Amino acid sequence: MPPPSIPLRLIAPGAPPQAAPLELSDTQFFERFSPYVARIGMRLLGRNADVDDLVQEVFVAAYKKRDQLPNEGATRGWLAVVAVRTARRYLRRRRVRMFVGLDLGTPPLELIDRTLSPDEHALLSRVYQILDQMNVDNRLAWTLRYIEGEKLEDVALRCGCSLATAKRRIAAAHAHLQSEMDGG
Amino acid sequence: MDDLSHKLGSLRHKVVPAWGPTRRERAYLEVERIRKHRRARDRSLGAGLGALALAGVSVYLWPHLGFEPAQQAAEVQARTLPRLPPTAAPASAAPAELGASEILHVGRRVRLADGSTAEVTTADGALEATVDRPEEVRLRLGMGAAHFEVVPNLRREFSVFAGAVEVVVVGTAFDVERAVGRVRVAVTHGKVRVRTASGDALLVAGDARWFDESVRAAEPFADSGAPRSARRLPASRGQEPRAEEPAANGGGARRAPARGPAPEGARVSSSPAPTDLYGRAQSVPASSAWQLPRAGWRSLNQSGDYEAAYRLLARGAAVANDPDALMEAADAARLSNHPEAAASYLRQVLDLHRASPVTPLAAFTLGRVLLERLGRPAEAAGAFATARALAPQGSLAQDALAREVEAWSKAGDAKEAYERSRLFMQRYPDSRRLRVVQLYGGVQPQ
């Protein structure tokens, strides 16, 4: 029996955040939230090729917890936490592989935005190359703050640390980046 | 706000992946597969204890049950190779893979109605049966490559359509590979006759030839064909002109000339009724990627729907002979997981537009595709060397040399890897990649 079709739910501009419980089928749930998880995954990992695995892991976990997610806001927050945890694992593994020479670091970013100039592309690629050399927790906090644009409180929530720790990690990462960008 | 923060503020929203409908569907199917696997594993773990207890009872009762183990084994063996069913999804296959679209993908080997076998041999391969009867077998290779072992039978007709190329066999083993714009047929034993718009060719054991697909496919691919129930074929053979494609950017649509009466297996319809990877029936949203897209391939490419863009390219959408168009076509192929096609476009940039400023990037990208996706490190080393040679002072030169060391190392050529790593150390002594390059090059860090 073929799966049901996926209706698109239009949201009016300026509509208040979703407060009602989510009543979505499995495919609707995936259609609704996978772009968000894919975007976070790309921003955290810096590699297009790793995004699929991250999305799959996050959603395999998410389907077990769906009944406990009350609304859209809570769902996004929970998905982001799982995405960060998964990315942390991937990045730690990447660092080990880089240390033993099995990984040469993130190649120039594969970005689809055609309005990016070569300089802008080079800047972002350089940022991610420096991030690859960085402590993973610092990297994640910084990426959530400066690339994903999260508030500090949300960065702390996603990273599972205190607000003070999140601020410290972000500051350390930012200082390192600035130093490398200026000197490199 | 410092300068870096300011710059990133305006750029961060551009850090997004290509998460088009087809990639999304593929990810969803994989999630479903993992969930099913885990449910089955959990069930089997839970049933394990019960099975152990039951086994104990069965051993005691076995002599009284009257089973014939040898007969059972024979039945299982006869069912080992699944059939490629014309109407129902095979019970032995993961329904999510074949589903209603019944397309055979890599790693699956099937037995056809006449006893022959078929197997898709490349990751981008897609094979389906339009007729599967003991007296007539017609297969369609949408893309990629497949291997066939055909039992001899003079009374049976066996054909494989790959775009505009038809391979007719009597009894043989052969491979068909479909690349962009051309089809390769290689015969292991026996003979095959290959029919194209420009005439027929007979290939014997040991022959391997490329055939130009200049006449575009008369048979639409599965996801734009008529309803799946259209399995009975007209008696006559030939190909009908394909429905005109929407005009691609930089090129017009092409129409294949008519070759005869009603087509074999062709489901010509002015309103294609697609199926999708979810196995859904024909009614799908207009924005779905698995419908015949109305936009040209470049528009689709630029909007991130690489799968749909590549589908148009694979069906013959024109690619202008300029470096930007070829690079975009390579992007569509690469980002929709068709590395061979991507390599083909990138080589065209290198061969035809040597002086273009994008050619070093084409060479570098070709190297990456060869190394990371196609497992051809020696060729990759050559491509990276070309990238360096074309722009020795360019921004990619250091990366290209580092990747060249890696490629030579993975190709097993320690000498080349060592020499390139020495060159890298000489040119870029302060590079953060130095240690890794030394590891690949077999140079002891100082």
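Above this text you will find the structure in question.
Residues numbered from 1 in each chain as written. Chains lettered and ligands numbered in written order. Predicted model: local features only at pLDDT ≥ 70, side-chain atom pairs only at ≥ 80, totals over all residues. Heavy atoms only, no water.

A.B. asks: Sorry, what's going on with the overall build of chain A here?
C.D. replies: The helix and strand tally for chain A stands at seven helices and zero strands. A buried classification covers 53% of the 184 residues belonging to chain A. Summing over all exposed atoms, chain A offers an accessible surface of approximately 8,700 Å²; the carbon and sulfur share of this is 54%. (Helix = DSSP H or I, 4+ residues; strand = E, 2+ residues; numbered from the N terminus. Buried < 20%, exposed > 50% of the residue type's maximum accessible area, 1.4 Å probe, protein only. Areas by Shrake-Rupley, 256 points an atom, 1.4 Å probe, with all protein chains shown as cover.)

A.B. asks: Explain the packing of helix α4 (residues 118-132) of chain A against helix α5 (residues 136-146) of chain A to me, please; I cannot follow it from the model alone.
C.D. replies: Helices that pack against each other are described as a pair by the angle of their axes relative to one another and the distance between those axes. Residues and elements named next belong to chain A. Direction vectors running N to C along α4 and α5 enclose 150°, while the axes themselves pass 9 Å from each other. The orientation of α4 with respect to α5, classified from their angle, is roughly antiparallel. Of the residues in α5, those in contact with V127, Y128, L131 and D132 of α4 are R139, W142 and T143. Here the residues of the contact of α4 with α5 are counted per class, giving four nonpolar, one polar and two charged. (Axes fitted to C-alpha atoms, helices over the stretch in contact; angles between N-to-C directions. Parallel < 35°, antiparallel > 145°, perpendicular 65-115°, else oblique. Contact = heavy atoms within 4.5 Å. Nonpolar A, V, L, I, M, F, W, Y, C, P; charged D, E, K, R; others polar.)

A.B. asks: Help me understand the side chain of A:R139 in this model?
C.D. replies: All names here are of chain A. Secondary-structure assignment places R139 in helix α5. The exposure class assigned to R139 is buried, which follows from its relative accessible area of 2%. Within the local environment of R139, its side chain forms a polar contact with the side chain of D132, the two groups lying 2.8 Å apart. In this structure R139 touches L44, L45, G46, L91, R94, Y128, L131, D132 and M134, once residues within four positions along its chain are discounted. (Polar contact = N/O pair within 3.5 Å; in protein donor to acceptor, adjacent residues only side chain to side chain.)

A.B. asks: In this structure, what is going on with the packing of helix α3 (residues 72-99) of chain A against α5(A)? I would like to understand it.
C.D. replies: Residues and elements named next belong to chain A. Put simply, α3 and α5 touch, their axes get as near as 10 Å, and they point 135° apart. Between α3 and α5, the angle falls in the class oblique. The interaxial crossing formed by α3 with α5 has right-handed handedness. Contact with α3, carried on its side by V84, A87, R88, L91, R92, R94 and R95, involves V136, D137, R139, L140 and L144 of α5 and no other residues of that element. Split by residue class, the contact of α3 with α5 holds six nonpolar, no polar and six charged. (Left-handed = near helix turned anticlockwise from the far one by under 90°.)

A.B. asks: Would you take a moment to explain the interface of chain A and chain B for this structure?
C.D. replies: One frequent convention defines the size of an interface as the accessible area lost when the parts assemble. Each partner contributes to the interface: chain A provides 56 residues, whereas chain B provides 46 residues. Taken together, the connections running from chain A to chain B amount to four salt bridges. Across the chain A-chain B interface, the total number found is 10 residue pairs in polar contact (both at pLDDT 80 or more). Those elements that place two or more of their residues in the side of chain A that touches chain B are α1 (26-45), α2 (48-65), α3, α4, α5 and α7 (163-183) of chain A. (Salt bridge = Lys/Arg side-chain N within 4 Å of Asp/Glu carboxyl O.)

A.B. asks: Help me understand unusual backbone geometry in this model?
C.D. replies: Glycine aside, a negative phi is what most residues show, and trans is what most peptide bonds show. Backbone geometry places B:N337, a non-glycine residue, at a positive phi of 65°. Of note, B:N337 is situated in the loop between α7 (323-335) and α8 (339-352).

A.B. asks: I keep staring at a nonpolar patch on the surface and nothing clicks. Help me out?
C.D. replies: Residue and element names in this part refer to chain A. Taken together, the side chains of V96, F99, V100 and L102 define a hydrophobic patch exposed on the protein surface, amounting to about 410 Å² of accessible area. Relative to the elements of secondary structure, V96 occurs in helix α3. Since its relative accessible area comes to 53%, V96 is described here as exposed. (Patch = residues over 30% accessible without salt bridge, like charges linked within 9 Å, V, L, I, M, F, W, Y side chains within 5 Å.)

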